[in-house]
Amino acid sequence: MRKFVVALCLAFGLIFGPMPGWAQDRIRVVTTTTDLRSLTEAVGGEFVEAVSLVPANFDAEEYQPKPQDVLRLKEARLVVRVGLDYDLWFDRLLEAARQRDLRRGGEGYVDASFAIAPLEVRGVAVGPGDGHAHGSGNPHYWLDPKNAEFITANILEGLARIDPLHAKAYESNRSAFLARLSAKLTEWEAKLTQLRTTPVVAYHNSWPYFARRFRLDFIDFLEIKPGVPSTPSHLAGIIEKMQARNVRLVVREPHEPERDVAFVAAKTGASVVVLATSVGALPGTGDYLALFDTDVAALVNAAGSR
Ligand SMILES: [Zn+2]
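Computed from a predicted model, the values in this text were never measured in an experiment.

Colleague: Can you lay out the overall build of the protein for me, pointing to particular residues and giving the numbers?
Modeller: In terms of regular secondary structure, the protein is built from ten helices and eight strands. Out of the 306 residues belonging to the protein, those deemed buried represent 47%. A total of about 15,200 Å² of accessible surface is found on the protein, and carbon and sulfur atoms cover 56% of it.

Encoded structure:
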């Protein structure tokens, strides 16, 4: 009897192909971050299956690729990266995966930063001892929700290139997403009006795009330079500055060390606000729109309790 059932299942599989729900017919997309995964899902909808290499709540600028990442790339039809030197480690992975179409310039390669105007571009190259992050300008551009228009345009172009049959569906998915985003943006801007020009200090400088959109004022950072941890004298300077400007809010990302942030907050009586910079880094940040919903709510809440 058992043999018969096995034979029947095999026959069924041969005739009807893979069992439903296996998603084998979907376009496999590998993104470097969870934010790009979420935006890829918004454009690709039911036709794509996207995975992020960097898990939520990890510092993507410090990510160490894993052997299984190469395997994931071997199964991928499309890759989507942040670019702007944010995910430089991805180049080594692409090299190791030996997938011609996924390489820079290949039809399955998407640099999501294409057409984004980077902020904080410096005239001099980054050398040793000058910090090791933010070499080509500040790379945290997805934190201006308006930049999702460019990001999703780049993703749309990539998906339409490898899957032209569904190009129309991708286009209408993107339009529907941008309509939702636009309504949300109005809501977020209204909620954050009360924080305009409020001076804020943060651990890492992830914030210029977010700050420009919502007119917040990040006056300094606990890191000496992006990727370079603080020293006691730097912290002393920050505390002085916070007292002089009456800074009441210190921003920390969930993966960042608590100690220095707690120290300057305690010395100045400021509140610590934990904000997510990536989808999935905090409860309630399950997708790109929810990320901003959660951060905006946290900021409004912190401003109210000052
Ligand atoms: Zn950074």
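Colleague: Can you tell me about the nonpolar core, naming the residues and giving the values?
Modeller: By size, the foremost hydrophobic cluster in this structure holds 74 residues, and its most contacted members are Leu73, Ile151, Leu159, Phe210, Phe218 and Tyr288. Element by element, the count of residues in this core is highest for helix 10 (residues 288–304), at eight residues. Summarising the domain contributions, this core has at least three residues from each of domain 1 (20–181) and domain 2 (186–304). Apart from residues no more than four positions distant in its own chain, Leu159 is found in contact with Ile27, Val29, Val43, Gly44, Val48, Leu78, Pro164 and Tyr170. Counting residues in each nonpolar core, the second largest holds 14 residues, with Val201, Ile219, Ile238 and Val250 among its members.

Colleague: Which residues make up unusual backbone geometry, and what values go with them?
Modeller: Residues other than glycine seldom take positive phi values, yet Leu84 does so here, at roughly 50°. Its identity is not glycine, yet Ala115 carries a phi of approximately 80°, on the positive side. On the secondary structure map, Ala115 appears in the loop between strand 4 (109–111) and helix 5 (148–162).

Colleague: Report on the environment of Val261, specifying residues and quantitative values.
Modeller: With respect to the helices and strands, Val261 occurs in helix 9 (residues 258–268). On the basis of relative accessibility, which here comes to 1%, the residue Val261 falls in the buried class. Expressed as a C-alpha distance, the spacing of Val261 and Val273, which sit twelve residues apart in the sequence, is 9.9 Å. If we skip the residues at most four places from it in the chain, Val261 touches Tyr203, Leu222, Val250, Arg252 and Val272.

Colleague: Which residues make up the pairing of strand 8 (residues 271–274), and what values go with them?
Modeller: Two elements, strand 7 (residues 249–252) and strand 8, share four bridges in a ladder whose sense is parallel. Across the sheet, residue Leu249 finds its bridge partner in strand 8, namely Ser271. With helix 9 bridging strand 7 and the parallel strand 8, this β-α-β connection has right-handed handedness.

Colleague: Give me the lowdown on the pattern of salt bridges, citing residues and values where you can.
Modeller: In total, this model carries 16 salt bridges according to the counting rule given. Among the salt bridges present, the one from Arg104 reaches Asp91, with a minimum N-O distance of 3.2 Å. Taken together, the positions of Arg104 in the loop between helix 4 (89–97) and strand 4 and Asp91 in helix 4 put the pair 13 residues apart, joining distant regions of the chain. You can call Arg104 exposed: its relative accessible area is 55%. Between Asp217 and Arg245 there is a salt bridge, with its nearest N and O atoms 3.2 Å apart. Placement of the pair is Asp217 in strand 6 (residues 217–221) and Arg245 in helix 8 (residues 232–245), with a sequence separation of 28 residues. Salt bridges linked by common partners bring Arg81, Asp87, Asp91 and Arg104 together as one network.

Colleague: Break down the sheet that holds strand 5 (residues 199–202) for me, with residues and values.
Modeller: As summarised here, the arrangement of the four strands in space is 6-5-7-8, forming an open sheet in which the pairing is parallel. Each of the sheet's edge strands pairs with one partner strand only, and the pair in question is strand 6 and strand 8. Put simply, the sheet's adjacent strands are angled 35° from each other on average, direction ignored. Against the sheet, helix 9 makes contact with strand 7 and strand 8, and its axis sits at roughly 175° relative to strand 7, the strand it touches most.

Colleague: Give a detailed account of the side chain of Arg174, specifying residues and quantitative values.
Modeller: Here Arg174 is to be found in helix 6 (residues 167–192). Buried within the structure, Arg174 lacks any salt-bridge partner; Glu149 is the closest side chain of opposite charge, at an N-O distance of 5.9 Å. The residues touching Arg174, leaving out its near neighbours within four places in the chain, are Val43, Glu149, Thr152, Ala153 and Leu156.

Colleague: How would you sum up the coordination of the zinc ion? Please name residues and give values.
Modeller: Working reference: metal with six octahedral donors, ideal angles 90 or 180 degrees; metal with four tetrahedral donors, ideal angle 109.5 degrees. The zinc ion binds to the protein through Glu61 (OE), Glu61 (OE), His134 (NE2), His140 (NE2) and His204 (NE2), with metal-donor distances spanning 2.0 to 2.4 Å. Mapped onto the sequence, the residues coordinating the zinc ion show the spacing E-x72-H-x5-H-x63-H. Taken together, the residues span a long stretch of sequence, with His140 in the loop between strand 4 and helix 5 and His204 in the loop between strand 5 and helix 7 (208–214) at a distance of 64 residues. His204 carries the same exposure label as His140, and that label is buried.

Conventions adopted
- Residues numbered from 1 in each chain as written.
- Predicted model: local features only at pLDDT ≥ 70, side-chain atom pairs only at ≥ 80, totals over all residues.
- Heavy atoms only, no water.
- Helix = DSSP H or I, 4+ residues; strand = E, 2+ residues; numbered from the N terminus.
- Buried < 20%, exposed > 50% of the residue type's maximum accessible area, 1.4 Å probe, protein only.
- Areas by Shrake-Rupley, 256 points an atom, 1.4 Å probe, with all protein chains shown as cover.
- Core = buried A, V, L, I, M, F, W, Y, C linked by side-chain atoms within 4.5 Å.
- Domains from an automatic or database assignment.
- Contact = heavy atoms within 4.5 Å.
- Pairing = 2+ DSSP bridges.
- Right-handed = clockwise from strand over helix to strand, strands pointing away.
- Salt bridge = Lys/Arg side-chain N within 4 Å of Asp/Glu carboxyl O.
- Axes fitted to C-alpha atoms, helices over the stretch in contact; angles between N-to-C directions.
- Lys, Arg positive; Asp, Glu negative; His and termini not counted.
- Donors = N, O, S within 2.8 Å, 3.2 Å for Na, K, Ca; no water.

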